[in-house]
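A structural walkthrough
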Amino acid sequence: QVQLVESGGGLVQAGGSLRLSCVASGSIFSLNDMAWYRQAPGKPRELVARITSAGITDYVGSLRGRFTISRDNAKNTAYLQMNSPEPEDAAVYYCNAVIKTSTYLPPFNFWGQGTQVTVSS
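These numbers were taken from a predicted model, which means no experiment stands behind them. (Residues numbered from 1 in each chain as written. Predicted model: local features only at pLDDT ≥ 70, side-chain atom pairs only at ≥ 80, totals over all residues. Heavy atoms only, no water.)

This part takes up the state of the cysteines. Within the structure shown, the criterion is met by 1 disulfide. The disulfide partner of Cys22 is Cys95, and the S-S distance across this bridge is 2.0 Å. For the disulfide bridge between Cys22 and Cys95, the dihedral angle about the S-S bond is near -80°, and by the sign convention the bridge is left-handed. Here the residue Cys22 occupies a position in strand β3 (residues 17-25), and Cys95 occupies one in strand β9 (residues 91-100), the gap between them amounting to 73 residues. Like Cys95, Cys22 is buried. (Disulfide = S-S within 2.5 Å. Helix = DSSP H or I, 4+ residues; strand = E, 2+ residues; numbered from the N terminus. Buried < 20%, exposed > 50% of the residue type's maximum accessible area, 1.4 Å probe, protein only.)

Below is the structure:
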């Protein structure tokens, strides 16, 4: 079975930096788009950034270049570099990946369990 595991969350000071990691494992025939989402209490989950298997990225405009998504295909891993986070960036960050698990089955969206990011002023 496919599993996505996030790590790297925790407490970060405003103006500091943090790097989140997402490792995909299991029956992976093709690891396609990967993305980071976040969800604060009482608010809907929102897309932060997305990256294709070829490295093409897309970001939410409000991030204004502070966050960077990247991936290491050899390690089946995606990263989210968070620079100068603000208190409003505090949320549970979730990894999402479009994965084809079989030659004969269509790709499917998988989610990680999330990692908490807390920002202190």
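This part covers unusual backbone geometry. With a phi close to 50°, Asn76 is a non-glycine residue in the positive phi region. The residue Asn76 is located in the loop between β7 (67-72) and β8 (77-83) in this model. The class for Asn76 is partly exposed, based on a relative accessible area of 24%. Of note, the phi angle at Ser84 is positive, near 50°, even though the residue is not glycine.

Okay, the packing of aromatic side chains next. Under the defined criterion, the tally for this structure stands at 2 aromatic pairs. A ring pair is formed by Phe108 and Phe110, whose centres lie 5.2 Å apart and whose planes are at 75°; its orientation type is edge-to-face. The class for Phe110 is buried, based on a relative accessible area of 17%. A cation sits over an aromatic face here: Arg45 above Tyr94, 3.7 Å from the ring centre. Positioned above the aromatic ring of Trp111, the side-chain terminus of Arg45 is 4.7 Å from the ring centre. (Phe/Tyr/Trp six-rings, centres within 6.5 Å; stacked < 30°, edge-to-face > 60°. Lys NZ or Arg CZ within 6 Å of the ring centre and 35° of its normal.)

Hydrogen bonding along the main chain pairs the strands of a sheet, whether they run parallel or antiparallel. Ordered in space as β1-β3-β8-β7, the 4 strands form an open sheet in which the pairing is antiparallel. Here the strands that pair on one side only, and so sit at the sheet edges, are β1 (3-7) and β7. Going from strand to strand, the sheet's axes swing by 15° on average, the running direction of each strand aside. Across 5 bridges, β1 lies against β3 in antiparallel orientation. The residue of β3 that forms the bridge with Glu6 is Cys22. (Pairing = 2+ DSSP bridges. Axes fitted to C-alpha atoms, helices over the stretch in contact; angles between N-to-C directions.)

Another point: the side chain of Arg71. Among the secondary structure elements, Arg71 is positioned in strand β7. A distance of 3.3 Å separates a polar atom in the side chain of Arg71 from the backbone oxygen of Leu31. There is a polar contact of 2.9 Å between the side chain of Arg71 and the backbone oxygen of Asn32. If near-sequence neighbours (up to four positions away) are discounted, Arg71 is found in contact with Leu31, Asn32, Asp33, Met34, Ile51, Thr52, Ser53, Thr77, Ala78 and Tyr79. (Polar contact = N/O pair within 3.5 Å; in protein donor to acceptor, adjacent residues only side chain to side chain. Contact = heavy atoms within 4.5 Å.)

Spatial relationships are all this shows, so hold off on functional conclusions.
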